[in-house]
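# Commentary on secondary and tertiary structure
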Amino acid sequence: LDALTQAVTPHPVDIVVHYQVLQQHWKSGDRGTVRRACVITDNHVFLLDEHYIGDGSENNFPDDSNTLGEVRYSLVDLAELSQIVEVQPASADPKAITIVIRPDSSFQRNHNWRLLCRDGDGAERLVDAARKAIGMASQQN
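Since the model is a prediction, treat every value here as computed from it, not as a measurement. (Residues numbered from 1 in each chain as written. Predicted model: local features only at pLDDT ≥ 70, side-chain atom pairs only at ≥ 80, totals over all residues. Heavy atoms only, no water.)

### Observations regarding empty space enclosed by the protein
Per the stated rule, a full pass over the model turns up one cavity of 30 Å³ or more. Taken as a whole, the largest cavity encloses approximately 40 Å³ of empty space. Of all elements in the fold, only β5 (84–89) and α2 (120–140) reach the threshold of two or more residues within the lining of the largest cavity. (1 Å grid on protein atoms, 1.4 Å probe; cavity = no way out; pocket = protein on both sides within 12 Å on 5 of 7 lines; lining within 4 Å. Points joined across faces, edges and corners; volume = space filled by probe spheres on them. Helix = DSSP H or I, 4+ residues; strand = E, 2+ residues; numbered from the N terminus.)

Below you can see the structure in the form of structure tokens.
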């Protein structure tokens, strides 16, 4: 949790509701997919680059650290749960989901996180966790 807290500061990490490693993809362009970690807390959803030594992924640590089991995160994007408009499973691919996020400003358009889970069960768990967290957060407000 220390690595997560460090990556998302100044946003608090209170209760972690769900954590999942997945792939992010884009609707247009030829960018392929990028490995991400999606963390849902009781107030936020975070999309992070995860750098982990020991799972076969590349060592992208700036200081070339190579301590087995070490993890570091870089914040890619975040949203308060109150900004989540919709969490929808994709109709064509059971591993794919889209999280629709309302921007802070009314002059901007919603933006989408298009995420690919390892399998359909992982996608279902992510959708369920996000919807439950959103429900709990709306009851607190």
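The structure having been displayed, the exposition proceeds.
### A look at a negative patch on the surface
On the surface, a cluster of negative charge is contributed by D119, D121, E124 and D128. Topologically, D128 is positioned in helix α2. Overall, D128 belongs to the partly exposed group, its relative accessible area being 41%. (Patch = residues over 30% accessible without salt bridge, like charges linked within 9 Å, V, L, I, M, F, W, Y side chains within 5 Å. Areas by Shrake-Rupley, 256 points an atom, 1.4 Å probe, with all protein chains shown as cover. Salt bridge = Lys/Arg side-chain N within 4 Å of Asp/Glu carboxyl O. Lys, Arg positive; Asp, Glu negative; His and termini not counted. Charge placed at Lys NZ, Arg CZ, Asp CG, Glu CD. Buried < 20%, exposed > 50% of the residue type's maximum accessible area, 1.4 Å probe, protein only.)

### Some points on the nonpolar core
I40, V45, I99, L115 and L126 are the most contacted members of the largest nonpolar core, which totals 22 residues. Broken down by secondary-structure element, the contributors of at least two residues to this core are β2 (33–41), β3 (44–52), β5, β6 (96–101), β7 (111–116) and α2. Considering each element in turn, this core owes the most residues, seven residues, to α2. When residues no more than four places from it in sequence are discounted, the contact partners of I40 are I15, V16, V17, H18, V45, L81, L126, A129, A130 and A133. Formed by 10 residues, the second largest nonpolar core is a distinct cluster that contains A3, L4, A7 and A37. (Core = buried A, V, L, I, M, F, W, Y, C linked by side-chain atoms within 4.5 Å. Contact = heavy atoms within 4.5 Å.)

### Section: the pairing of β5
By the bridge criterion, five bridges tie β5 to β6 in an arrangement that is antiparallel. Residue pairing in the sheet places V87 in a bridge with I99 of β6. Between β5 and β6, which follow one another and run antiparallel, lie six residues. (Pairing = 2+ DSSP bridges.)

### Description of the state of the cysteines
Going through the model one piece at a time under the given rule, you end up with zero disulfides. Free cysteine: C38, not disulfide-bonded; nearest cysteine sulfur from C117 at 8.2 Å. Overall, the relative accessible area of 0% leaves C38 in the buried class. (Disulfide = S-S within 2.5 Å.)

### Comments concerning the side chain of T41
In this fold, T41 is placed in strand β2. If sequence neighbours within four positions are ignored, T41 has contacts with V13, I15, V16, V17, F46, L81 and A133.

### Re the pairing of β2
Where strand β1 (residues 16–25) lies against β2, nine bridges are found, and the strand directions are antiparallel. When the bridges of β2 are listed, V16 appears paired with T41. Where β2 lies against β3, four bridges are found, and the strand directions are antiparallel. Bridge pairing links V39 to F46 in β3. Taking the residues between adjacent antiparallel strands as the criterion, β2 and β3 are bridged by two residues.

### Focus on a nonpolar patch on the surface
Taken together, the side chains of I15, V17 and M136 make up a nonpolar region of the molecular surface, amounting to roughly 250 Å² of accessible area. When you line up the elements, M136 lands in helix α2.

### Details of the pattern of salt bridges
Counted by the stated rule, this structure contains two salt bridges. Note that E50 and R35 form a salt bridge whose closest N and O atoms lie 2.7 Å from each other. Of this pair, E50 sits in strand β3 while R35 sits in strand β2, placing them 15 residues apart in sequence. When its relative accessible area of 26% is taken as the criterion, R35 is described as partly exposed. Here R36 and D49 are joined by a salt bridge, their closest N and O atoms 2.3 Å apart.

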